[in-house]
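Chain residues, written in single-letter form:
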Amino acid sequence: MRTSFYCLALWVSFFSIPSSFAAQLSLTPQAAVAMPDSYSAEVARKILLSGGNAVDASVAAAFVLAVTYPEAGNLGGGGFMTLYTNAATSSQKQAYFLDYREKAPKAAFRDMYLNAKKAVIPYKSLVGYQASGVPGTVMGLWVAHQRFGKLPWASLVHPAIVLAEKGFVVPKSLEEVADWYQKWIANKSRVPLNFKRYFGELKTGLLFKQPDLANTLKRIAQTGPYDFYFGQTAQLIVKEMQSQDGLITMDDLAHYDVKWRQPVEADWKGHQVISAPPPSSGGVAIVQLLKMKAILENQYQDALLSMDKAGIPPQATRAHFYAELSKRVYADRAQYLGDPDFIKVPTKKLISDAYLRKRAADVLMDEISETQTIKPGLAESTDTTHFSVVDAQGNAVSNTYTLNMPFGSGVVVSKAGFLMNDEMDDFSTKPGVANVFGVVGGKANEIAPEKRMLSSMSPTILVKNGAVEMVVGTPGGSSIITSVFQTIVNVIDRNLSPQMAVDAPRVHHQLLPKDVIMYHPELSTETKQALRLMGYQLKRNNYLGDVQLIVRRHGQLQAASDVRGRGVSKVFPVKP
């Protein structure tokens, strides 16, 4: 049973079938995947063709990515899953959100990354043994499967075991990021790290085998999360932590839990937007951006025309407009958002039409708002990876999970073969001081035992007339929010094809650093010149996400993976 889906004959792509059969095939249910690499895409496709649903495909893909995409796919991290189930009756709940974000160890405390002078100790929250939160990925995948999965758990873990044992061919981009990371951590840890021993021999075009990881996956296949949180793997994690100054204990692992939370939901231009609630900032921020854009649509269109006549390219006007919206969103993020189990988050107020009309009122179309005047609006009271799946029954999964930086903390669990996260940097190590992504946090996101750190991960689903119309998400740290927002706008407002929508140059602004816009290298010279004349400082960024997108248009699925990554997207018929 575990290997039965490997024996399935490959379905021929819809687009390679003679046109005389097109009408007949258009009636065949479709499924689609948009994955960060070819291995996860092929395994997810096979799972869907063998009778699995979107959750089954997501679980299998997530475990595969822990093998073939080690800079972000993981066992030692955590994440969020937004789900939409094609329920039989409208009275059934259809939107779900699973929070399997990491938690701070019980021994964590507010000032743990500050020195005696209350200054932040460089890199302590990013590199080494104290940078890790308690991992949630294995428990999260298990809980999602127990509630929604159809195929046996072991059969979903098996493809990852095979790839870990037999190896996979290393792509050039993986060797390059591993080489960069090895050099980057060289002098940033106060204690020796074992990253090189496990990942120092990644060579483009050669097979990379991971026997220790294969054994860990076999234990997970047999026992579900038990081994990882109570058994041999748990003991290996704690032994690794105790070998230096790590905080994670057996008690931390034994008491880790996931949370089913109410997703952020909002109506926007005839669509139901379903996205990530706190402890993610993503859903609140994306709804704020979409609604403010809709509120200001007429003024924005007028500005496009008038500034085009003045010789300012539309792309520059668009970038400025997005920056103006983003300033207000990131000011709110820093002030109000954190773990809802620890603080009261005013989500409904932050996404209300009345609040956002007020928030949008002072957006400037032709000049830069002064950063110091952008305050939270209510009265007082790197690396990551994403995948999108739609099955033939119309169920959808948008999943983003992470180690934070590429390869996390640089700590590999000896004899278990997987990397630990460095998510503790996503807390406010000190209110008012930026993290590795330049995002400034406040008291709402300060460190506390068993607290979940604030995130920008934004797995999002758009539904129209009860059917999934879009599944989207991306990695990219603080730029996740702006990348998902721009992709949605590119599809719905600008009517771009899915591939054009994800490949279009994106810009990112997050209030601080002051008047800095990050941009893709493809941004035109004219646009950059116009933005500089307006007063912006420009910072080139080769990596503003790796969007994985599925769109339904005219009843047919279309999928796209960001051209800047190594992702693969597939649409294929599935026999009932």
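Residues numbered from 1 in each chain as written. Predicted model: local features only at pLDDT ≥ 70, side-chain atom pairs only at ≥ 80, totals over all residues. Heavy atoms only, no water.

### Describing the overall build of the protein chain
Then comes step 1: For the protein chain, the count of helices and strands is 19 helices and 18 strands.
Then comes step 2: Computed over the C-alpha atoms, the radius of gyration of the protein chain is 23 Å, within 12% of the 25 Å expected from 2.2 N^0.38 for a compact globule of 576 residues.
Then comes step 3: Once the C-alpha set of the protein chain is aligned to its principal axes, its extents read approximately 75 × 65 × 50 Å.
Then comes step 4: Burial status across the protein chain gives 62% buried among its 576 residues.
Then comes step 5: Split by element, the accessible area of the protein chain, about 21,700 Å² in all, is 54% carbon and sulfur.
Then comes step 6: Within the protein chain, the 50 negative side-chain charges are centred at a point lying 1 Å from the centre of the 61 positive side-chain charges. (Helix = DSSP H or I, 4+ residues; strand = E, 2+ residues; numbered from the N terminus. Rg over C-alpha atoms; globule rule 2.2 N^0.38 Å. Buried < 20%, exposed > 50% of the residue type's maximum accessible area, 1.4 Å probe, protein only. Areas by Shrake-Rupley, 256 points an atom, 1.4 Å probe, with all protein chains shown as cover. Lys, Arg positive; Asp, Glu negative; His and termini not counted. Charge placed at Lys NZ, Arg CZ, Asp CG, Glu CD.)

### A look at helix α6 (residues 172-184)
Then comes step 1: A rise of 1.5 Å per residue sets the reference length of α6, with its 13 residues, at 18 Å; its end C-alpha atoms lie 18 Å apart and thus fit the reference within 8%.
Then comes step 2: Against α3 (54-68), β4 (168-169) and α7 (195-199) lie the buried residues of α6. (Expected span 1.5 Å × (residues − 1). Contact = heavy atoms within 4.5 Å.)

### Focus on the UniProt feature "active site" (unreviewed entry) in the protein chain
Then comes step 1: The positions UniProt marks with the feature "active site" (unreviewed entry) are T384.
Then comes step 2: For T384, the position within the fold is in strand β9 (residues 383-390).
Then comes step 3: T384 has contacts with A72, T400, Y401, T402, N404, M457, P475, G476 and Y543, leaving out every residue within four places of it along the chain. (UniProt positions renumbered as here; feature names shortened; annotations may be inferred.)

### Quick notes on the sheet that holds strand β15 (residues 537-540)
Then comes step 1: Here we have three strands laid out as an open sheet, ordered β13-β14-β15, and mixed in their pairing. Each edge of the open sheet carries a strand with a single partner, namely β13 (507-508) and β15.
Then comes step 2: Across four bridges, the pairing between strand β14 (residues 516-519) and β15 is parallel. Residue pairing across strands places Y519 opposite R540, the latter belonging to β15. (Pairing = 2+ DSSP bridges.)

### Notes on the nonpolar core
When a protein is soluble and globular, its nonpolar side chains tend to lie buried together.
Then comes step 1: Ranked by size, the top nonpolar core spans 92 residues in total, and within it F63, L75, L217, I237 and F418 carry the most contacts.
Then comes step 2: The dominant element in this core, judged by the number of residues it contributes, is α3, at 12 residues.
Then comes step 3: If you look at the next biggest cluster of nonpolar residues, it comprises 69 residues, including L290, M292, L511 and A560. (Core = buried A, V, L, I, M, F, W, Y, C linked by side-chain atoms within 4.5 Å.)

### Observations regarding the sheet that holds strand β18 (residues 568-573)
Two pairing modes exist for strands in a sheet, parallel and antiparallel, and in both the strands are linked by backbone hydrogen bonds.
Then comes step 1: Judged by pairing direction, the sheet is antiparallel, and its seven strands sit side by side in the order β6-β3-β2-β10-β9-β1-β18 without closing on themselves. Strands at the two margins of the open sheet, each flanked by one partner only, are β6 (259-261) and β18. Going across the sheet, the axis of each strand differs from the next one's by a mean of 15°, ignoring polarity.
Then comes step 2: Pairing between strand β2 (residues 78-84) and strand β10 (residues 396-404): seven bridges, direction antiparallel. Bridge pairing in β10 places M81 opposite N399.
Then comes step 3: Together, β1 (30-35), β9 and β18 form the strand contacts of helix α2 (residues 38-49), whose direction differs from that of β18 by roughly 20°. (Axes fitted to C-alpha atoms, helices over the stretch in contact; angles between N-to-C directions.)

### Focus: helix α5 (residues 153-166)
Each α-helix winds once per 3.6 residues, and so residues spaced three or four apart point in a common direction.
Then comes step 1: Look at α5: 21 Å from first C-alpha to last across 14 residues, which is about the 20 Å you get at 1.5 Å a residue.
Then comes step 2: Its axis deflected by about 30° at P159, α5 carries its strongest bend there.
Then comes step 3: The element α5 is extensively covered by neighbouring structure, given that 10 of its 14 residues are classed as buried.
Then comes step 4: Among the residues of α5, W153, S155, L156, V157, H158, P159, A160, I161, L163 and A164 are the ones counted as buried.
Then comes step 5: In the core, the buried residues of α5 are packed alongside α2, α3, α4 (137-148), β4, β5 (207-208) and α8 (211-223). (Bend = angle between axes of the 7 residues up to and from the residue.)

### Description of the pattern of salt bridges
Then comes step 1: Applying the stated criterion to the full structure yields 35 salt bridges.
Then comes step 2: For the salt bridge of K259 with D341, the shortest nitrogen-to-oxygen distance reads 2.7 Å. Taken as a pair, K259 in strand β6 and D341 in the loop between α14 (314-336) and α15 (347-350) lie far apart in primary sequence, 82 residues in all.
Then comes step 3: Accessibility expressed as a relative area gives 26% for K259, which makes it partly exposed.
Then comes step 4: We note a salt bridge from D515 to K514, for which the minimum N-O separation is 2.8 Å. (Salt bridge = Lys/Arg side-chain N within 4 Å of Asp/Glu carboxyl O.)

### A short note on the packing of aromatic side chains
Then comes step 1: Counted under the stated rule, the structure contains 26 aromatic pairs.
Then comes step 2: On the numbers, 5.0 Å between centres and 70° between planes, the contact of Y181 with F195 is edge-to-face. A residue pair is termed long-range when its members are at least 10 positions apart, and Y181 in helix α6 and F195 in helix α7 qualify at 14 residues.
Then comes step 3: You can call Y181 buried: its relative accessible area is 0%.
Then comes step 4: We classify F195 as buried; its relative accessible area is 1%.
Then comes step 5: One cation-aromatic arrangement involves R147 over W260; the distance from NZ or CZ to the ring centre is 4.6 Å.
Then comes step 6: Here K188 stacks its cationic end above the ring of Y123, 5.1 Å away from the centre of that ring. (Phe/Tyr/Trp six-rings, centres within 6.5 Å; stacked < 30°, edge-to-face > 60°. Lys NZ or Arg CZ within 6 Å of the ring centre and 35° of its normal.)

### Quick notes on the packing of helix α12 (residues 282-295) against helix α17 (residues 479-492)
Then comes step 1: For the pair α12 and α17, the least separation of the axes is 9 Å and the interaxial angle reads 40°. The orientation of α12 relative to α17 falls into the category oblique. For the element pair α12 and α17, the recorded crossing hand is right-handed. Across the interface between the two elements, G282, A285, I286, L289, L290 and K293 from α12 touch I481, V484, F485, I488 and V489 from α17. (Parallel < 35°, antiparallel > 145°, perpendicular 65-115°, else oblique. Left-handed = near helix turned anticlockwise from the far one by under 90°.)

### Here we look at the environment of L511
Then comes step 1: Mapped onto the fold, L511 is located in the loop between β13 and β14.
Then comes step 2: Setting aside anything within four residues of it in sequence, one finds L511 in contact with K327, Y330, A331, T371 and I374.

### A word on the side chain of T527
Then comes step 1: Mapped onto the fold, T527 is located in helix α19 (residues 525-534).
Then comes step 2: Leaving out residues up to four positions away in the same chain, T527 has contacts with P313, Q315 and A316.

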